[in-house]
Amino acid sequence: KFFRRAPRISGAQENSWCFFGVEAWQNWLEKMNALALARTVSQVSSSMAIGDVACQILETSEDITKPDFDRINWNRTRTMFTCGLIVSGPWSHGQYSLLEYLFAGTTSKAVAKKVVFSALQAPISISLTFSTICLLQGKGIEGAKKKVLSDVPQTWLTGNIFWPAIMGINFKFVPLNHRPLVG
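Residues numbered from 1 in each chain as written. Predicted model: local features only at pLDDT ≥ 70, side-chain atom pairs only at ≥ 80, totals over all residues. Heavy atoms only, no water.

Undergrad: Give a description of the overall build of the protein chain that names residues and reports values.
TA: What the protein chain contains, in helices and strands, is five helices and zero strands. With 183 residues in all, the protein chain has 34% of them scored as buried. Across the protein chain, every contact between residues at least 6 apart in sequence was considered, and the portion connecting residues at least 24 apart equals 64%. Carbon and sulfur atoms make up 66% of the accessible area of the protein chain, which amounts to about 11,300 Å² in all. (Helix = DSSP H or I, 4+ residues; strand = E, 2+ residues; numbered from the N terminus. Buried < 20%, exposed > 50% of the residue type's maximum accessible area, 1.4 Å probe, protein only. Contact = heavy atoms within 4.5 Å. Areas by Shrake-Rupley, 256 points an atom, 1.4 Å probe, with all protein chains shown as cover.)

Undergrad: Would you mind going over the pattern of salt bridges in detail, with residue names and values included?
TA: This structure, assessed with the given rule, holds five salt bridges. Glu59 is the partner of Arg76 in a salt bridge, and the nearest nitrogen-oxygen pair spans 3.0 Å. With Arg76 in helix α2 (residues 74–102) and Glu59 in helix α1 (residues 19–60), this residue pair connects regions lying 17 residues apart in the sequence. Here Arg76 falls in the partly exposed class, since its relative accessible area comes to 27%. Here Lys147 and Asp151 are joined by a salt bridge, their closest N and O atoms 2.6 Å apart. One end of the pair, Lys147, and the other, Asp151, are both in helix α4 (residues 140–173), four residues apart, so they sit about a helical turn from each other. We classify Asp151 as partly exposed; its relative accessible area is 26%. (Salt bridge = Lys/Arg side-chain N within 4 Å of Asp/Glu carboxyl O.)

So, in structure tokens, the structure goes:
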């Protein structure tokens, strides 16, 4: 699988004549996993920043065909990017890796299981994102707690209207290494 770690060599394998080849292979696989994580983190953090700029243009511009970039709150965009970099990106990488490990493939049954699992864990993901943003904005633990308790239930319920369909398409047609970008 794309994200799985290679099993470590041990015992008698270490004394084998091919030990150095196995070790090189394992080091390469670990680097590939690190590169996959870096790719996911860069995709998620960039998409969060670009999405935030797009939202701000919709919120502040009188004519969206002529965006006023002087009205963009770049601190807000930086907060979104940082959240993607330190929390949402790694979380997405782990989530998609776990889902593919638990329910491998693109059969209808595997896709349905991934969609259900994603919907059930979504409150955790939403809570992590909201908490991180509040903490990065300097609102502290109490501000994050208040945000999670007041906004997560409604956000999750609203998301369940459209996210299952998007995730179904994502799991069925999008290659694993690009799923965090779509999702």
